[in-house]
Amino acid sequence: MDVNAAVAAAAAIAGVLTGVIAMLAFRWSERDLKRPTRTSLHTDPVLPPGVDTVLSVLRSSAVVLDEGDAVVKASSAAYALGLVRGGKLSVEPMLQMARDTRRDGEIRQVELDLPRRGTGRGEALAVSARVAPLGSRLVLLLVEDLTEARRIEAVRRDFVANVSHELKTPVGALSLLSEAVMDASDDPEAVERFAGRMQIEATRLTNLVQELIDLSRVQNDDPLEDAEPVRVDELVAEAIDRCRHAAGTKQINMAAGGTEDLSIWGNRGQLAAALGNLVENAVNYSPARTRVGIAARRLTAPGGDHIEIAVTDQGIGISDKDKERIFERFYRVDPARSRATGGTGLGLAIVKHVAASHGGEVTVWSSEGQGSTFTLRLPEAGAARDRAQQHPDLDDEAGQSALSSSPTSPDSPAYETLSAPEVLP
């Protein structure tokens, strides 16, 4: 009996030891599975908590790189700019900045000019790149597109330079003429001649200042805040009356047709200034004893009816290369002729901004030696008012309207309304 008991006790002890050893081995294997390996540290990089959310709301293009320069996270804007290609950062200067920042932990920033890809244009893409460490292993790259800001700054510089030049010309002329008047004080004929020139230069200076004020107003004001139905025939009559003296001096016949029962929804003052500028240009650039026509018609469109007002002249015409730039501020097709007629180079720029801010557009057809046709296309009063009441946000979008590239030719229906025109004296 004692032998059997001893054997049983030994077997029980052995079983217990085996179970304990098995349990320890299982726990040890589980610990090994949970322990990170050297390989796992490099294969699955994880962004710190909250970083992904922050990157998704940034306006800048964002790229996160790991220690192997692989892209861990990139915003859609970064792909759109061509910064990331095939999972790698494709801009070598930015890649070198990321490596330097990873090495010493310092934040770096630089402005670069990158070539545009796939556009076929030579202009560069101006960007500002900033690199900073993100945790112990990652690097964050933020890229901001400065191209539009630089373009606007260049336009502003050109505008200031042009204004300075345009103001200096009549002011300098007035200064010289005043000295001439003083020197010729004992010569009544010379004084009268110089005084007449001074009046011309003073008028030119006054017109330039007024058009600068008008341009600033149409660029900054919302014309639809004080909008009202404006009759087209009243606008045309006002524009013709504005140019009546100049047209009579050159024996130019002004005719209008098709303007009855048409109305535009907008700011009366700005619309009158825009149409008046077009008619005034037509008279100034037309030879003597020719004809200037103003035609209007209604266009039916799915988004609402539009009113087209076309101003046609028989003047010198505009070349193809000049047609692309005539709506720029201070641009003149013929600078010598513009100065002779008192032009400031701002009239068509004002027309462009007025048309865009009213939800319309201005187009031009011209042939050298045959004349030009400028066409204002604006929403009709009822359709524009209903659209503004139903969709107020469309007023802001109207200011971004681009100029249409489709020309209007003398053969278009806009000119058929002049077959039986109302000739205004």
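In what follows, the structure referred to is the one given above.
Presented here is an overview of the structure given in this document. Since the structure is predicted, the reported quantities are computational estimates derived from the model, not experimental observations.

Take the sheet that holds strand β2 (residues 71-74) next. Within a sheet, adjacent strands bond to each other through the backbone by hydrogen bonds, running parallel or antiparallel. Strand order in the open sheet formed by five strands is β2-β1-β7-β6-β5, with antiparallel pairing between adjacent strands. The open sheet has two edge strands with one neighbour each: β2 and β5 (108-115). Ignoring which end each strand starts from, the neighbouring axes of this sheet average 25° apart. Across three bridges, strand β1 (residues 61-65) lies against β2 in antiparallel orientation. Note on β2: the bridge partner recorded for V64 is K73. Contacts from helix α5 (residues 92-104) reach β1, β5, β6 (124-134) and β7 (138-145) within the one sheet, and its direction differs from that of β5 by about 165°. Sheet strands in contact with helix α6 (residues 147-183) are β5, β6 and β7, and its direction is about 135° off that of β6.

Time to look at the packing of aromatic side chains. Overall, the coordinates contain one aromatic pair when judged by the stated rule. Between the aromatic rings of F327 and F374, the centroid separation amounts to 6.3 Å while the plane-to-plane angle is 80°, which identifies the pairing as edge-to-face. Of this pair, F327 sits in the loop between α11 (320-323) and α12 (335-341) while F374 sits in strand β14 (residues 371-379), placing them 47 residues apart in sequence. Just as F327 is buried, F374 falls in that class too. The ring of F194 is capped by R193, whose NZ or CZ atom sits 5.1 Å from the centre of that ring.

Tallying each qualifying case throughout the model produces 22 salt bridges. Of the charged contacts in the structure, one is a salt bridge between R268 and E234, with a shortest N-O distance of 3.1 Å. With R268 in helix α10 (residues 268-284) and E234 in helix α8 (residues 232-242), the pair connects residues that are 34 residues apart, well separated along the chain. Via salt bridges that share partners, R231, D233, E234, E238 and R268 belong to a single interconnected network.

Take V71: it is sitting in strand β2. Residues V71 and V139, 68 residues apart in the sequence, show an inter-C-alpha distance of 9.8 Å. Leave out the neighbours within four places in its chain, and V71 touches V63, V64, L65, V84, G87, K88 and L89.

Here we come to the packing of α8 against α10. As a packed pair, α8 and α10 sit with axes 9 Å apart at the nearest point and diverge in direction by 50°. What the angle tells us is that α8 and α10 run oblique. When the axes of α8 and α10 are compared, the crossing they make is right-handed. The residues of α10 that touch α8, namely those facing E234, L235, V236, E238, A239 and R242, are R268, L271, A272, A273, L275, G276, N277, V279 and E280. When the residues that make up the contact of α8 with α10 are grouped by side-chain class, the tally is eight nonpolar, two polar and five charged.

How each quantity is defined
- Residues numbered from 1 in each chain as written.
- Predicted model: local features only at pLDDT ≥ 70, side-chain atom pairs only at ≥ 80, totals over all residues.
- Heavy atoms only, no water.
- Pairing = 2+ DSSP bridges.
- Helix = DSSP H or I, 4+ residues; strand = E, 2+ residues; numbered from the N terminus.
- Axes fitted to C-alpha atoms, helices over the stretch in contact; angles between N-to-C directions.
- Contact = heavy atoms within 4.5 Å.
- Phe/Tyr/Trp six-rings, centres within 6.5 Å; stacked < 30°, edge-to-face > 60°.
- Buried < 20%, exposed > 50% of the residue type's maximum accessible area, 1.4 Å probe, protein only.
- Lys NZ or Arg CZ within 6 Å of the ring centre and 35° of its normal.
- Salt bridge = Lys/Arg side-chain N within 4 Å of Asp/Glu carboxyl O.
- Parallel < 35°, antiparallel > 145°, perpendicular 65-115°, else oblique.
- Left-handed = near helix turned anticlockwise from the far one by under 90°.
- Nonpolar A, V, L, I, M, F, W, Y, C, P; charged D, E, K, R; others polar.

All quantities given are derived from atomic positions and should not be read as evidence of function.
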